[in-house]
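Residue-level listing of the chains:
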Amino acid sequence: MFSSVDDVSARLAVTGYLASPAVATTAFLAARLGKPLLVEGPAGVGKTELAKAVAEVAGARLVRLQCYEGVDESRALYEWNHAKQLLRISAGRDESWDETRTDIFGEEFLLPRPLLTAIRGDEPTVLLIDEIDKADVEMEGLLLEVLSDFQVTVPELGTITATRRPFVVLTSNAGRELSEALRRRCLFLHIDFPEEELERRIVRLKVPDLDEALAGSVVRVVGALRAMDLRKAPSVAETVDWARTLLALGAGALDETVVRDTLGVLLKHQEDVQKAAAKLDLDAL
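Conventions adopted
- Residues numbered from 1 in each chain as written.
- Predicted model: local features only at pLDDT ≥ 70, side-chain atom pairs only at ≥ 80, totals over all residues.
- Heavy atoms only, no water.
- Buried < 20%, exposed > 50% of the residue type's maximum accessible area, 1.4 Å probe, protein only.
- Helix = DSSP H or I, 4+ residues; strand = E, 2+ residues; numbered from the N terminus.
- Arc of directions from axis to C-beta.
- Contact = heavy atoms within 4.5 Å.
- Polar contact = N/O pair within 3.5 Å; in protein donor to acceptor, adjacent residues only side chain to side chain.
- Phe/Tyr/Trp six-rings, centres within 6.5 Å; stacked < 30°, edge-to-face > 60°.
- Lys NZ or Arg CZ within 6 Å of the ring centre and 35° of its normal.
- Salt bridge = Lys/Arg side-chain N within 4 Å of Asp/Glu carboxyl O.
- Pairing = 2+ DSSP bridges.
- Axes fitted to C-alpha atoms, helices over the stretch in contact; angles between N-to-C directions.
- Parallel < 35°, antiparallel > 145°, perpendicular 65-115°, else oblique.
- Left-handed = near helix turned anticlockwise from the far one by under 90°.
- Core = buried A, V, L, I, M, F, W, Y, C linked by side-chain atoms within 4.5 Å.

Q: Please explain helix H1 (residues 5–14) as it appears in this structure.
A: One full turn of an α-helix is made of 3.6 residues, so residues set three or four places apart face in the same direction. For H1, the set of buried residues is Asp7, Val8 and Leu12. Buried residues of H1, viewed axially, fall in a sector of 120 degrees; they line one side. In H1, the exposed positions that point more than 90 degrees away from the buried face belong to Asp6 and Val14. Buried positions along H1 lie against helix H2 (21–33) and helix H3 (47–58).

This is the structure in structure tokens:
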């Protein structure tokens, strides 16, 4: 998939994803070693976008499992088309149960979900297991077989082993502690808020019409906000949104009025807005 760490950086940059050396190195190793990649970090720092960018540069199909509380095997792995099975049973009333059972638990009645879809694919595939920390602990047990042996067991059909291993990315906002068994099967990458220079480059890439000096001011203000004890610090995605907001308003520079009127783009809780309005000192930035 990638020939070197520099190749990762260069090809991801073509998609608009500017990878730090740590991100590029870990992505290269995950591809070279065939290991799943567990990416942790605050929301909005580019964890999901990394999987999308890898799929784009590799010309691979992106298969996404969005995790949430209560997601189970039928949503993650597979389920049977019960309505179609009932129709088949009704149509074969004169058949014995053994004959009918063999038929209704065949491929025609199987509904593959993301994990099985990725395992059975014979084309390049990126499997994104997004926000695994939102799923129940039981979900991790289901993933162990998939991530260690790249195979899935369907009792009625047997064990299905991948003929072509997918590139697997798991993301987590660290909402809960993941099991050591899951972590052992993965390479680990923590993506934090980027350094000022990298974030400025991201803003310039995503909002090319923004004045370079204003882009620098945007990044410095966001950095100051992150240094405050806020309920939710602004993410990189929100930095880009704020840059686009300033461009849409025709703001040539940051002043107290512009910042106060647009804080809702960066901050999503009223107590954060009030704290920022009281503590933010533009003259010191």
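Q: Honestly, the side chain of glutamine 151 in this entry has me stumped. Any pointers?
A: Looking at the element boundaries, glutamine 151 is found in strand E6 (residues 151–154). Looking at glutamine 151, its side chain comes within polar contact range of the side chain of threonine 161, at 3.5 Å. Look past the residues within four positions of glutamine 151 in its chain and what remains in contact with it is Ile119, Glu145, Val146, Thr159, Ile160 and Thr161.

Q: Quick question: what am I supposed to make of unusual backbone geometry here?
A: Across residues other than glycine, the phi torsion is negative in most instances, and most of the peptide bonds are trans. Of note in this structure, glutamate 131 is not a glycine but carries a positive phi near 60 degrees. Tracing the sequence through the fold places glutamate 131 in the loop between strand E5 (125–130) and helix H8 (137–149). Backbone geometry at phenylalanine 150 places phi at a positive 50 degrees, although glycine is not the residue there.

Q: Any chance you could explain the packing of aromatic side chains here in plain terms?
A: Geometry of an aromatic ring pair is reported as the spacing of the ring centres plus the angle between the planes. A complete count under the given rule lists 1 aromatic pair for this structure. Note on tyrosine 78 and tryptophan 80: the rings are 6.1 Å apart at their centroids and 80 degrees apart in plane angle, and the pair reads as edge-to-face. One exposure class covers both tyrosine 78 and tryptophan 80, and it is buried. Sitting over the face of the ring of phenylalanine 109, lysine 84 holds its NZ or CZ atom 5.7 Å from the ring centroid.

Q: Would you explain the pattern of salt bridges in this entry?
A: Once their charged atoms are close, side chains differing in charge can pair, the charge on each being opposite to the other. With the rule as written, the count across this model stands at 17 salt bridges. Note that arginine 11 and aspartate 7 form a salt bridge whose closest N and O atoms lie 3.3 Å from each other. Remark: aspartate 7 and arginine 11 occur in helix H1; sequence separation between them is 4 residues, near one turn of the helix. On the accessibility criterion, arginine 11 (25% relative accessible area) is partly exposed. Via salt bridges that share partners, Glu40, Glu177 and Arg183 belong to a single interconnected network.

Q: Please clarify how the sheet that holds E5 should be interpreted in this entry.
A: Consider a sheet: its strands pair through backbone hydrogen bonds, and that pairing is either parallel or antiparallel. Within the open sheet, the 5 strands sit side by side as E2-E5-E8-E1-E9. Their pairing is parallel. Lying at the two open borders of the sheet, with one neighbouring strand each, are strand E2 (61–66) and strand E9 (187–190). The sheet shows a mean angle of 20 degrees between the axes of neighbouring strands, direction not considered. One ladder, built from 4 bridges, connects strand E1 (residues 37–40) with E9; its direction is parallel. Opposite glutamate 40, over in E9, you have histidine 190 as the bridge partner. Running at roughly 160 degrees to E9, H2 makes contact with E1, strand E8 (167–172) and E9 of the sheet. Strand contacts of H3: E1, E2, E5, E8 and E9, with the helix running at about 170 degrees to E5, the strand carrying the most contacts.

Q: Sorry if this is basic, but what is going on with the packing of helix H12 (residues 236–249) against helix H13 (residues 256–266) here?
A: Close contact between H12 and H13 brings their axes to 9 Å; oriented N to C, the two are set at 140 degrees. Accordingly, the angle class assigned to the pair H12 and H13 is oblique. Of the two possible hands of crossing, H12 and H13 adopt the one that is right-handed. Here Glu238, Thr239, Asp241, Trp242, Thr245, Leu246 and Leu249 of H12 lie close against H13, whose contacting residues are Val258, Val259, Thr262, Val265 and Leu266.

Q: Can you walk me through the pairing of E6 in this structure?
A: Note on strand geometry: in a regular strand, side chains alternate between the two faces of the sheet. With 4 bridges joining them, E6 and strand E7 (residues 158–161) adopt antiparallel strand pairing. Paired with valine 152 across the bridge in E7 is isoleucine 160. Linking two consecutive strands that pair antiparallel, namely E6 and E7, is a turn of 3 residues.

Q: It is not clear to me how the nonpolar core should be interpreted in this structure. Could you clarify?
A: A general feature of soluble globular proteins is that nonpolar side chains tend to end up buried together. Within the largest apolar cluster, 34 residues are counted, with the highest numbers of intra-cluster contacts made by Leu115, Ile129, Ile132, Met139, Leu143 and Leu170. Listing elements by their share of this core, those giving two or more residues are E2, strand E3 (78–80), helix H7 (114–120), E5, H8, E6 and E8. Top contributing element to this core by residue count: H8, with 5 residues. Leu18, Ala215, Val221 and Val236 belong to the second largest nonpolar core, which has 32 residues in total.

Honestly, it's all geometry; don't read function into it.
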